[in-house]
Number of protein chains: 2
Amino acid sequence: MSESGIISELLVPLCSSLPGAWGLEDDAAHIVTPAGEDLIVTTDTLTDGVHFRAVHGSASAASRALRSNLSDLAAMGARPVCYNMALSIPDSIDEDWLRGFVNQLALDQAHFSIALIGGDTTRTPGPFSVTISAFGSVPEGGALRRNGARPGDNIFVSGTLGDGYLGLKLLNGEIDNGLVSDPEFAIEKFSFPVPRIDLGTALRGKASACADVSDGLLRDLGNICRASKTTARIEREALPFSETAKSIMGANGIDEHKLITGGDDYELIFCVPPSSTLKSTTPVTRIGTIVEGLSDKSPVLVTKNGTELDNDTDVGYEHTW
Amino acid sequence: MSESGIISELLVPLCSSLPGAWGLEDDAAHIVTPAGEDLIVTTDTLTDGVHFRAVHGSASAASRALRSNLSDLAAMGARPVCYNMALSIPDSIDEDWLRGFVNQLALDQAHFSIALIGGDTTRTPGPFSVTISAFGSVPEGGALRRNGARPGDNIFVSGTLGDGYLGLKLLNGEIDNGLVSDPEFAIEKFSFPVPRIDLGTALRGKASACADVSDGLLRDLGNICRASKTTARIEREALPFSETAKSIMGANGIDEHKLITGGDDYELIFCVPPSSTLKSTTPVTRIGTIVEGLSDKSPVLVTKNGTELDNDTDVGYEHTW
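Every residue gets a number counted from 1 within its own chain, in the order that chain's sequence is written. Following the order in which they are written, the chains are lettered starting with A and the ligands numbered starting with 1. Under the rules for a predicted model, residues below a pLDDT of 70 receive no local features and side-chain atom pairs below 80 are neither given nor counted, while totals for whole chains, interfaces and linings still include all residues. Hydrogens and water are ignored here; the side-chain numbers use all heavy atoms of the structure.

**Student:** Would you explain the packing of aromatic side chains in this entry?
**Tutor:** Given two aromatic rings, one states the distance between the centres and the angle between the planes to describe the pair. Residue and element names in this part refer to chain A. For Phe, Tyr and Trp, rings pair up if their centres lie within 6.5 Å, where Trp contributes its six-membered ring, and each pair is then called stacked (planes under 30 degrees apart), edge-to-face (over 60) or tilted (otherwise). Applying the stated criterion to the full structure yields eleven aromatic pairs over all chains. Ring geometry for W97 against F128: centres 4.8 Å apart, planes inclined by 70 degrees, an arrangement best described as edge-to-face. Residue W97 is found in helix α3 (residues 95-112), and its partner F128 is found in the loop between β4 (116-123) and β5 (129-139); the two are separated by 31 residues along the sequence. Taking 5.4 Å as the distance between ring centres and 75 degrees as the angle between the ring planes, the aromatic pair formed by F101 and F128 counts as edge-to-face. Of this pair, F101 sits in helix α3 while F128 sits in the loop between β4 and β5, placing them 27 residues apart in sequence. Residue burial is assigned from relative accessible area. The probe radius is 1.4 Å, only protein chains are included, and a residue is buried under 20% of its type maximum, exposed over 50%, and partly exposed in between. Accessibility expressed as a relative area gives 0% for F101, which makes it buried. Judged by relative accessible area, which is 0%, F128 ranks as buried. Cluster of aromatic residues (ring-pair linked, three or more members): F52, W97, F101 and F128. Seen from the ring of F190, R64 lies directly overhead, with NZ or CZ sitting 3.9 Å from the centre. A run of H or I in DSSP becomes a helix once it reaches four residues, and a run of E becomes a strand once it reaches two; helices and strands are each numbered from the N terminus. Here, over-ring charges are defined by two tests on the NZ atom of lysine or the CZ atom of arginine: distance to the ring centre within 6 Å, and angle to the ring normal within 35 degrees.

Below, the structure is given as structure tokens:
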């Protein structure tokens, strides 16, 4: 399939509901921001073999590419407006795979009420790669930032932690399906993450800081702490894990530390002043408190039964607890 | 150099003048459109070995990536506002190369009065690749489109044609430097294209259609014709070529057809109603006229001494005249 065929047959239909896309016919497109709102942009690149595997299916590749961006918008309290997509396509990608990719984008577009506004399609001698910029909007000055956490704020996280990480391990055959109570649940969480858009908008004017958990709870909460110049004290026994995660906890090298540093959660981690009341239909769990100052040791201290655990200064997925 | 080092050391300085970039500290950024203006977005991906060669230097890679996008904005009559950049970096790219890339971006930013607003930095097992989305603005409803050309409109092109194509041939060693009167001129035109931003803004409310010449004059003018459902009749003897291009014309397989289909011109091709007067400090040349209907044969007919030349239905760089 030629580049012009990919554009006219596969991509133009994705932009048909958006007048500003001008049918992908022009050198550029016109982004319309809702009146009285700020325009927010975020960008994620996903590369075959690095962030997903093409052999795991084009539907998951499409959803992960789009939804990881929508999760960033959710973390800002933004509602999705449209998105821009640059595709780098190697010869090894056939038309069926590409049609599956575009079909899933069409489904996601309908679900999240957005459309394609433009982009670029090129051939590459490297792996398949997709760069999406998603545009969203928030009421003027209302974007949730990372830098507003204050001592005394309660720390919450949505959903459960580590399921996406487990899903990836299962997909890669690094964990046997039989060892986990519900492998499909974990694989679905990795393959089709659900951006917490409604929660993000519910947090407008309520949360003092917010981020999405894409690189693991410790790392993303650490980013909030560094931006806010505070330290987070989280309670290990409060961390929310699914029944599926609990079913393998302690076996196959899976422990709580792996689950909160593995990444691919696409949950929201956020701070709320004690005076603030939070109403959300999305399940959220209080996991700790913000304390004064940015700790020299680590921005995120983990406690168990009130005792501080030994924690690396730079906690991340490449470190051990 | 780690991803976080690349971001904090190299990329954060590129966004320091732009408050909405939030120091690349958040999940997303805030694009501010000038009051009363429309926001325009365009995206180009450049991949090592496809659109440039890393061995030809990181400065040219940076400028080509950024300026090809600014040229698209120019074609819309837009002034640049900011840009977004996704980098895919293989192990083979060293820190010096990357610093050179970023230094050139800083120079271009200063020259074009823009700054980085966000993006993504990832590792890739494939070639170095950069996807830039550039944002620009035009007075409300004032974007130059491709679909407004009308019969009788004069067709103009800025600058000269084919120099970028020659520059690439020289860089690749496919043409010996000694065969061309000014090889440096052509190499510069390929390596550091100059987006015609001032011309683009001068064309607001004047041009009926406009595009930038990135894939060769015939192809890009053809896009205008298809969008406008008209045909272009261009005069071969009117086509503007540089002294450098003339110095090799007819030798080494270089003819006029190659020069108007080779691409990498980053000039503007545009149509102006006969009633309209055009004032521009950028050199432009009238090369033909728009005629009624979209020709079955080709959207662009080329004439010599008033006689129509034989022309493929789909003229492009992979076709011969």
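Moving on from the coordinates now.
**Student:** Would you explain α3(A) in this entry?
**Tutor:** Because an α-helix packs 3.6 residues into every turn, residues spaced three or four apart end up facing the same way. Residues and elements named next belong to chain A. An expected span of 1.5 Å times one less than the residue number is assigned to each helix. When the terminal C-alpha atoms of α3 are compared, their 25 Å separation across 18 residues agrees well with the 26 Å that a helix rising 1.5 Å per residue should span. For α3, the full list of buried residues reads W97, L98, F101, V102, Q104, L105, D108, Q109 and F112. For α3, the angular spread of the buried residues around the axis is 160 degrees, confining them to a single face. Across from the buried face of α3, at angles greater than 90 degrees, the exposed residues are D96, L107, A110 and H111. Here a residue-residue contact requires only that any non-hydrogen atoms of the pair lie within 4.5 Å. Close packing links the buried residues of α3 with α1 (3-11), α2 (58-75), β3 (79-89), β4, β5 and α6 (197-202). The residue sitting at the N-terminus of α3 and contributing the capping side-chain oxygen is D94; that oxygen lies 3.3 Å from the backbone nitrogen of D96. Our arc is simply the arc of the directions from the helix axis toward the C-beta atoms. Counting of polar contacts relies on pairs of N or O atoms within 3.5 Å, with two restrictions inside protein: one atom must be capable of donating a hydrogen and the other of accepting it, and residues adjacent in sequence are counted only when both atoms are side-chain atoms.

**Student:** I'm lost on empty space enclosed by the protein in this one. Help?
**Tutor:** It is a probe the size of a water molecule, rolled over the atoms, that shows where empty space is left. A pocket here means an open set of points on a 1 Å grid, computed over the protein atoms alone, that has protein on both sides within 12 Å along at least five of seven lines. A cavity is instead a set of points where a 1.4 Å probe fits but cannot get out; residues with an atom within 4 Å of a point line either one. Grid points are joined across faces, edges and corners, and a volume is the space filled by probe spheres set on the points. The full count for this structure, using the stated rule, is six cavities of 30 Å³ or more. Here the largest cavity is characterised by a volume of approximately 140 Å³. Around the largest cavity sit 18 residues that line it, and A:S88, A:S129, B:T47, B:S88 and B:S129 are the ones nearest its centre. Mapped by element, the contributors of at least two residues to the lining of the largest cavity are β2 (37-47), β3 and β5 of chain A together with β2 (37-47), β3 (79-89) and β5 (129-139) of chain B. The element best represented in the lining of the largest cavity is β5(B), accounting for three residues. Each residue is assigned to one of three groups, with Ala, Val, Leu, Ile, Met, Phe, Trp, Tyr, Cys and Pro labelled nonpolar, Asp, Glu, Lys and Arg labelled charged, and all others, Gly among them, labelled polar. In terms of residue class, the lining of the largest cavity is built from five nonpolar, 13 polar and no charged.

**Student:** Looking at this model, I keep getting lost on the interface of chain A and chain B. Mind explaining?
**Tutor:** How big an interface is tends to be stated in terms of accessible area lost as the parts join. Listed by partner, the interface residues are 45 residues for chain A and 45 residues for chain B. When two parts are put together, the accessible area they lose, computed with a 1.4 Å probe and summed over both, is reported as buried area. A combined buried area of about 3,600 Å² lies between chain A and chain B, and 51% of that area is made up of carbon and sulfur atoms. In terms of surface lost to chain B, no three residues of chain A exceed A:E25, A:D27 and A:V41, which account for 18% of the buried area on that side. By salt bridge we mean one thing: a side-chain nitrogen of Lys or Arg within 4 Å of a carboxyl oxygen of Asp or Glu. One can count four salt bridges joining chain A with chain B. Put simply, B:R146 and A:D27 hold a salt bridge, and the shortest N to O gap is 2.9 Å. Remark: the boundary between chain A and chain B carries 24 residue pairs in polar contact (both at pLDDT 80 or more). Mapped onto the side of chain A that touches chain B, the elements with two or more residues apiece are β1 (29-31), β2, α2, β3, β4, β5 and β7 (209-213) of chain A. Of all the elements, β2(A) adds the most residues to the side of chain A that touches chain B, at nine residues. The residue makeup of the side of chain A that touches chain B, split by class, is 19 nonpolar, 15 polar and eleven charged.

**Student:** Is there a simple way to explain the sheet that holds β1(A) in this structure?
**Tutor:** Each strand in a sheet pairs with its neighbour through backbone hydrogen bonds, running either in the same direction (parallel) or in the opposite one (antiparallel). Strand pairing is defined by DSSP finding a minimum of two bridges between the two strands. Pairing within the open sheet is mixed, and its five strands lie in the order β1(A)-β2(B)-β5(B)-β3(B)-β4(B). Both outer strands of the open sheet, β1 of chain A together with β4 (116-123) of chain B, are each paired with one neighbouring strand and no more. The average angle at which neighbouring strand axes cross in this sheet is 25 degrees, direction not considered. As judged from the eleven bridges shared by β2(B) and β5(B), these two strands associate in the antiparallel manner. Bridging from a neighbouring strand, B:T47 pairs with B:S129 of β5(B). Under this scheme, a helix contributes an axis fitted over its contacting stretch, all axes are lines through C-alpha atoms, and angles between N-to-C directions fall in the 0 to 180 degree range. This element, helix α1 (residues 3-11) of chain B, spans β3 and β4 of chain B of the sheet and lies at about 150 degrees to β4(B). Where helix α3 (residues 95-112) of chain B meets the sheet, it contacts β3, β4 and β5 of chain B, and its direction lies at approximately 170 degrees from that of β3(B).

**Student:** Sorry, what's going on with the pairing of strand β9 (residues 267-272) of chain B here?
**Tutor:** Strand residues, when the strand is regular, have side chains that alternate between the two faces of the sheet. Residue and element names in this part refer to chain B. Along β9, six of the six residues are buried, which leaves the element largely enclosed by surrounding structure. Here β9 shows a buried face lined by E267, I269 and C271 and a second buried face lined by L268, F270 and V272. Strand direction decides the pairing type here: strand β6 (residues 154-158) and β9, joined by four bridges, are antiparallel. By the bridge assignment, I155 is partnered in β9 with C271.

**Student:** Please clarify how the sheet that holds strand β11 (residues 300-304) of chain B should be interpreted in this entry.
**Tutor:** Residues and elements named next belong to chain B. If you trace the seven strands from one edge of the open sheet to the other, you get β7-β9-β6-β10-β8-β11-β12, paired in mixed fashion. Since the sheet does not close on itself, it has two edges, and those belong to β7 (209-213) and β12 (307-308), each with one partner. Both β6 and strand β10 (residues 284-291) contribute to a ladder of five bridges, which runs antiparallel. Each bridged residue has a counterpart across the sheet, and for V157 the counterpart in β10 is T285. The sheet strands contacting helix α7 (residues 217-228) are β6, β7, β8 (231-235), β9, β10 and β11, and the helix crosses β7 at an angle near 155 degrees.

**Student:** How do you make sense of the relation of the copies chain A and chain B when you look at a structure like this?
**Tutor:** The operation relating the two chain copies consists of a rotation about an axis and a shift along that axis. Superposition of the copies was done by least squares, using only C-alpha atoms of residues whose pLDDT is at least 70 in both. The two copies are related by a screw operation: chain A maps onto chain B through 180 degrees of rotation and 0.0 Å of translation along the axis, at an RMSD of 0.0 Å. A rotation of that kind, with that shift, is consistent with a two-fold axis. For chain A, the smallest separation between a C-alpha atom and the rotation axis is recorded for A:G126, amounting to 2.1 Å. In this assembly, 100% of the residues forming the interface of chain A have copies in chain B that are likewise at the interface, indicating an isologous arrangement.

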